[in-house]
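Chain by chain, the residues run as shown.
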Amino acid sequence: MALVLIRLKLALMRRSFTGMRVLGLVLALLGTAATWYFALAVPGPGIRSDLFALVFAVWAAGWALGPTVANGAGTLRSQYFALLPMDRRRTGALLLVTAFVDIGPALTLVAAAALVWHGATLSAGAALVAVPAALLLWISLIALSRLVFRALGAAMHSRLGVEIASVQWGLILALLFFGWMAVQPALAATLELREHGLGEGTAGAVLAALPASWPVHAVDAAGAGDWGAALGWLAATALTALVLASVTAVLLAPRVAARGVRRRGRPLGARPLSRPARGLLPDTPLGAVVGKEVRQWWRDPWRGLEVRAALWAGLFIGLLSWWSEVFAFFAPFSGVICAFIMVLATANMYGHDGTALWQAVVGQGRDTARADVRGRQVAVLLLSAPGALVLSALFIVSTGEHWTWPYVLTGLAAVFGVGSGLSLLFSVVALSPGVDPQLRVDANDSGDNQVQVWLSLAALPVLTAPAVLAAVFLGLAGTPWAALPVGVANGLLGAWWLGRVAHRRLAARLPETFTRIRYGREVALRSVPERGSLLDRLERTAISGNGETRPQGA
């Protein structure tokens, strides 16, 4: 059965070679080259052991976070086998076996083989111990990768789990955007590390205690003739690999139960929205959409992850800036960065809904699309703008950089205004269908939005340029507060115009939009003209560029 699944995986891989997959392979090649560079270029075995502890810790972090960032943990999904007459735990174990059949794991094995070279430079016995140590390290890394990704999806069934997942995502986003603050000193210290190792400091002690360093300790102990310690470290490594593989196989087992956050009562904030007559929202289609969207963003764990992750990312970016003396001035702008990330996170709202869009198709009226788009814009602003404003205010007061008030407020007004329209436009035109909410298992099941993210990264700076230029030139002129009206006008105009394009497009192609969600890429491409308008070309690009994460079948 394992061979059947491996052949199935290889067949799917040949037809789903995405850009993120290419990027992952390039990073794996660079990591393998760096591992062997440290193995061959360092002057002595002691320094090599220190650097291997660092390198294997980086490998572990890369495998733990990589699948989450790359929007997927493998080609075969456990949902494909949920209805087959197979033992579920055995199926999970077989799916774990297929995880080792790929180019990335093969390159990781090549990198782990550097440990055998390290053992061979010590003694024949150390080289003998290094072979199982390298294999156990390889098994641990691949199992850790699948464990973290699936555990992140499993955590989406409780409020605490969603919060933990959002903290992890926020940290990942903060490192992706501003990790260069930490990478720059690390690159500068690379040559010194090659000559002197990690030394006796705290960093070396922490890395030596990590499980990724235990295979190195086993080889070093064998090289020193301490066979008791060598076998002890090797046994600890084997036990770690066994635990990781066993837990991962259980989590990979297919399930058929509906997914969602368990709750015993009505969520906080839902009561006023359930009584429109006495609530804060008007009794209109727009008010109904705002209420529905606020509930959705609050209750749906996959939507809540987007909002919370953006806030956590802003907090981590502010802390990174504050702790680095050179970039401390940037900490007050953490709220603006939070707003920027929120635009990226909400650029696939209709993909989040899944086939629930059918309700809009059935009940479509003259103003259905307009109310739907405008209501979503208002709901996103209500949920994210107060948090971003509080975050910036907190850092401004903490750092004492009160001169940034006009610049921060100008940036927030422009980014939130333009971003609310831009995210809805991409949600309509570049929609990426995912797994329907009740069937979601993994953290990234709500759809692949890499095309929307890259387009937003390019379009948002251009569309907010008037506010940025006004802040720069009026700040140099000594009147930075005069830029605030420009930022507000920039945001309002962007929200109105981009939202107008979005709801007109949705009204004109609502059935085709639902078809794309329900039936997937191949059917959707038939409904988009090959040489149509700019929006048609953008839609075809998104259909072809985004990965299709929803399960295939009837």
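These lines cover the structure that appears in this document, whether it is placed above or below. Note that this is a predicted model, so its numbers are computed, not measured.

Procedures and definitions
- Residues numbered from 1 in each chain as written.
- Predicted model: local features only at pLDDT ≥ 70, side-chain atom pairs only at ≥ 80, totals over all residues.
- Heavy atoms only, no water.
- Salt bridge = Lys/Arg side-chain N within 4 Å of Asp/Glu carboxyl O.
- Helix = DSSP H or I, 4+ residues; strand = E, 2+ residues; numbered from the N terminus.
- Buried < 20%, exposed > 50% of the residue type's maximum accessible area, 1.4 Å probe, protein only.
- Axes fitted to C-alpha atoms, helices over the stretch in contact; angles between N-to-C directions.
- Parallel < 35°, antiparallel > 145°, perpendicular 65-115°, else oblique.
- Nonpolar A, V, L, I, M, F, W, Y, C, P; charged D, E, K, R; others polar.
- Contact = heavy atoms within 4.5 Å.
- Core = buried A, V, L, I, M, F, W, Y, C linked by side-chain atoms within 4.5 Å.
- 1 Å grid on protein atoms, 1.4 Å probe; cavity = no way out; pocket = protein on both sides within 12 Å on 5 of 7 lines; lining within 4 Å.
- Points joined across faces, edges and corners; volume = space filled by probe spheres on them.

1. So, the pattern of salt bridges
- Overall, the coordinates contain ten salt bridges when judged by the stated rule.
- The partner of R303 in a salt bridge is E293, and the shortest N-O contact between them spans 2.7 Å. You can see R303 sitting in helix α16 (residues 301–323) and its partner E293 sitting in helix α15 (residues 285–299), a full ten residues away along the chain. For the pair R303 and E293, one class covers both residues: buried.
- The salt bridge partner of R303 is D353, with a shortest N-O separation of 2.1 Å. With a gap of 50 residues between them, R303 in helix α16 and D353 in helix α18 (residues 349–353) connect regions that are remote in the sequence.
- By relative accessible area, which is 0% here, R303 ends up buried.

2. Description of the packing of helix α21 (residues 405–429) against helix α24 (residues 483–508)
- Contact geometry of α21 with α24 gives a least axis separation of 7 Å together with a crossing angle of 10°. Between α21 and α24, the crossing angle belongs to the class labelled roughly parallel.
- Tallied by class, residues from the contact of α21 with α24 come to 17 nonpolar, nine polar and one charged.

3. Examining the side chain of T464
- As for its position among the elements, T464 is in the loop between α22 (450–463) and α23 (465–476).
- Those residues within four positions of T464 in sequence are excluded, and the remaining contacts are A414, V415, V418 and N490.

4. Examining the nonpolar core
- I341, Y350, L357, L412, L460 and L506 are the most contacted members of the largest nonpolar core, which totals 59 residues.
- The element that contributes the greatest number of residues to this core is α21, accounting for eleven residues.
- Formed by 43 residues, the second largest nonpolar core is a distinct cluster that contains L95, A99, L136 and A245.

5. Let's talk about empty space enclosed by the protein
- Applying the stated criterion across every chain yields a total of two cavities of 30 Å³ or more.
- The space that makes up the largest cavity amounts to roughly 70 Å³.
- Lining the largest cavity we find eleven residues, and of these S432, P433, R521, I543 and N546 sit closest to its centre.
- Residues of the lining of the largest cavity, tallied by class, amount to four nonpolar, four polar and three charged.
- Considering only enclosed or pocket space, the second largest cavity measures out at about 50 Å³ in volume.
- Around the second largest cavity, the lining residues are A339, M342, V343, T346, V380, L381, V415, F416, G419, S420 and S423.
- Those elements that provide at least two residues to the lining of the second largest cavity are α17 (334–345), α20 (368–399) and α21.
- The class makeup of the residues in the lining of the second largest cavity is seven nonpolar, four polar and no charged.

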